[in-house]
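# Reading the structure
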Amino acid sequence: DVGHELRTPLTVVRGHLELLDDNPVERQKTLDLVLDELDRMSRHVDDLLLLARAERPDVLRLRPVELRELLEGVLARVRPLGDRTWRIDPPAESAIVADPDRLTQALVNLADNAVRHTPEGGLIELGARISEGEACLWVRDEGAGIPPEDQERVFERFARGRDRRTRETQGSGLGLAIVAAIARA
């Protein structure tokens, strides 16, 4: 899977560099494309390293986290992802012991998915609650949802869901696997 995910962008980069033109405009277009592909590969490598580290006991840096502050910070990061109606389902004033960076990463991944599957202007809501000594954090959207037969599979590495509106496969297949790894950790 890793080889497949990295082989395609490497082939794209090699092909464009082999055909590099002396024309300054075309040269700049090629450089922009190559840099974009290299950035994409770098994100894949970072995601894969996170997944590998998620198995280690020292992956989390635990400290007290105010849920309201956490959600407000996530909201500030995700608003630019799409023209949606963003809302926080405000939690009671409470704190948990957690790794705020990893929780932020998980919620941002979920919000990114929500943007891709929620129509423009649709509602995306971030929330958290504490029940029976456990914290539950969520991103809720107005998208079509994940078909029941795919609900387990989409959390596997490199599994991709289909956009039910366009029937196209989206994403790298690592975002929800990272969310699951953070939740397990």
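What you see is a predicted model, and the numbers here were worked out from it, not measured in a lab. (Residues numbered from 1 in each chain as written. Predicted model: local features only at pLDDT ≥ 70, side-chain atom pairs only at ≥ 80, totals over all residues. Heavy atoms only, no water.)

### A word on the packing of helix α3 (residues 67-78) against helix α4 (residues 100-117)
For the pair α3 and α4, the least separation of the axes is 10 Å and the interaxial angle reads 45 degrees. The angle between α3 and α4 places the two elements in the oblique class. Every pair of crossing elements has a handedness; the one defined by α3 and α4 is right-handed. Residues L70, L71, V74, R77 and V78 of α3 form the contact with α4, whose participating residues are P100, L103, T104, L107, V108 and A111. Of the residues assigned to the contact of α3 with α4, the class counts are 9 nonpolar, 1 polar and 1 charged. (Axes fitted to C-alpha atoms, helices over the stretch in contact; angles between N-to-C directions. Helix = DSSP H or I, 4+ residues; strand = E, 2+ residues; numbered from the N terminus. Parallel < 35°, antiparallel > 145°, perpendicular 65-115°, else oblique. Left-handed = near helix turned anticlockwise from the far one by under 90°. Contact = heavy atoms within 4.5 Å. Nonpolar A, V, L, I, M, F, W, Y, C, P; charged D, E, K, R; others polar.)

### Examining the pairing of strand β3 (residues 95-98)
Of the two faces of β3, the one holding I96 and A98 is buried and the one holding A95 and V97 is not buried anywhere. Note: strand β1 (residues 63-66) against β3, 4 bridges, orientation antiparallel. In the strand pairing of β3, E66 is matched with A95. (Buried < 20%, exposed > 50% of the residue type's maximum accessible area, 1.4 Å probe, protein only. Pairing = 2+ DSSP bridges.)

### Quick word on the environment of L33
Among the structural elements, L33 can be located in helix α2 (residues 24-53). Taking the C-alpha atoms as reference points, L33 and H16, separated by 17 residues in sequence, lie 8.3 Å from one another. Aside from chain neighbours lying at most four places away, what touches L33 is V12 and H16.

### Here's the deal with the pairing of strand β2 (residues 85-89)
Every second residue of β2 is oriented toward a common face, the buried set being W86 and I88 and the non-buried set T85, R87 and D89. Inspection of the sheet shows β2 paired to strand β4 (residues 123-131) by 5 bridges, in the parallel sense. In the strand pairing of β4, I88 is matched with L126.

### Let's talk about the packing of α4 against helix α5 (residues 175-184)
With their axes 9 Å apart at the nearest point, α4 and α5 run at an angle of 145 degrees to one another. Seen from above, α4 lies across α5 with left-handed handedness. On the side of α4, the interface is formed by R102, L103, Q105, A106, N109, L110 and N113, while α5 contributes G175, L176, I178, V179 and I182. Of the residues that constitute the contact of α4 with α5, the class distribution is 7 nonpolar, 4 polar and 1 charged.

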